[in-house]
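# A structural walkthrough
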Amino acid sequence: MYKLNWLVTKHRSHTVGYKTIAIELFFDHSNRENIKCLGDVFPKPHDLLWLETFFQNKLKILQRITICYADALVTHAMTNSINLRKFHIIAGQPKNEAALAHCCTSFNGDLLTFDASNHIYVSRKAYQLAVKRGLFFEIKYSPCITNTAVRKDLVKIAHNYFIKGKSKNIIISSGANNIFELRGPQDVTNLSFIFSLSKDQANCAINRFGRQLFLRAECRRLGKTIMVIKTCGPVVFSDSSEEKNELGNNAANIHEDPDPKEQPSVGGHRYSRPRNDEVM
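Below or above, wherever it landed, is the structure these notes cover. (Residues numbered from 1 in each chain as written. Predicted model: local features only at pLDDT ≥ 70, side-chain atom pairs only at ≥ 80, totals over all residues. Heavy atoms only, no water.)

### Let's talk about the packing of helix α4 (residues 97-105) against helix α5 (residues 124-133)
Viewed as axis vectors pointing N to C, α4 and α5 meet at an angle of 35 degrees, and their least axial separation amounts to 8 Å. The residues of α5 that touch α4, namely those facing C103, C104 and T105, are A126, L129, A130 and R133. Taken together, the residues that form the contact of α4 with α5 break down as five nonpolar, one polar and one charged. (Axes fitted to C-alpha atoms, helices over the stretch in contact; angles between N-to-C directions. Helix = DSSP H or I, 4+ residues; strand = E, 2+ residues; numbered from the N terminus. Contact = heavy atoms within 4.5 Å. Nonpolar A, V, L, I, M, F, W, Y, C, P; charged D, E, K, R; others polar.)

Next up, the structure:
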């Protein structure tokens, strides 16, 4: 039943116009029961081979993990984790003000999301620092559809983004658990107006910034990479000295004195400059 619900939801995502989706795995690092294990703290990604086989490369499926934490100890666990490197996107969800400050300044992830029930609001300095680091802020619209109280809290969070940073680097995602909470791109664009976004910002939030987020995540995963460039044809090098000589010859031709035979005439008669022996 669980796989069937996944299949129906992802098929709905494909039919409404999405070409790339991310399946979220939530992990609460603040729960001490989850970090008592001696091995890797973070779980492995979902096995989505059967889902990729069903869509046959018609829908790109990414793996995402959302780490909910309350202190900076999560940094050590993220550094030593092998399972965490298997995820395409890493999102951080702070539970208090200290975790929020750490997430904006030092969190080694790609996305920053909030639980609307915590009532945590980012400051102007932290927001600008996170944008400078390339982090994106997420707004999930599916809780707005199912719960009126959560809708009010999300509108407050989105309005705080507008006040503190002019709604920069905002990404709108569904966070849907079933097919009835999923909306198409055009509906999400219209819905984004209640989040204090303009039309251009709404289009970027569901299209352009999603691509930038994926590219940033890939750069984080690959780290320092060596690139080899091969040419497909002959390479032609231009000699800069010949170009300078041509420019110099053209400039000399422009500044040459005109021919005295071609000097203009005065009063219908050709004017000629008198010689020295003709001057009285």
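Moving on from the model shown.
### Examining the nonpolar core
Residues F42, I67 and Y161 are the most contacted members of the largest nonpolar core, which totals 43 residues. Counting residues per element, the ones that place at least two in this core are β1 (20-28), β2 (60-69), α3 (74-79), α4, α5, β5 (136-140), α7 (148-165) and β6 (170-173). Residues contacting Y161, with those up to four places away along its chain left out, are F114, V122, Y127, F137, E138, I139, K166, S167 and I170. (Core = buried A, V, L, I, M, F, W, Y, C linked by side-chain atoms within 4.5 Å. Buried < 20%, exposed > 50% of the residue type's maximum accessible area, 1.4 Å probe, protein only.)

### Describing unusual backbone geometry
Backbone phi values are negative for most residues with the exception of glycine, while trans is the configuration of most peptide bonds. One non-glycine residue with positive phi stands out, namely K166, at about 55 degrees. Within the element layout of this structure, K166 appears in the loop between α7 and β6. Judged by its relative accessible area of 54%, K166 falls in the exposed class. One non-glycine residue, S167, lies in positive phi territory at about 55 degrees.

### Describing the pairing of strand β3 (residues 89-94)
Counting buried positions along β3 yields six of six residues, so the element is predominantly enclosed. By the alternation rule, side chains of β3 split into I89, A91 and Q93 and I90, G92 and P94, which are all buried. Inspection of the sheet shows β2 paired to β3 by six bridges, in the parallel sense. Paired with C68 across the strands is Q93, a residue of β3. Between the parallel elements β2 and β3, the chain passes through α3 in a crossover that is right-handed. The sheet contact formed by β3 and strand β4 (residues 111-112) spans two bridges and is parallel. When the sheet's bridge partners are listed, A91 is paired in β4 with L111. You can see the chain leave β3, run along α4 and come back into β4, and the turn it takes is right-handed. (Pairing = 2+ DSSP bridges. Right-handed = clockwise from strand over helix to strand, strands pointing away.)

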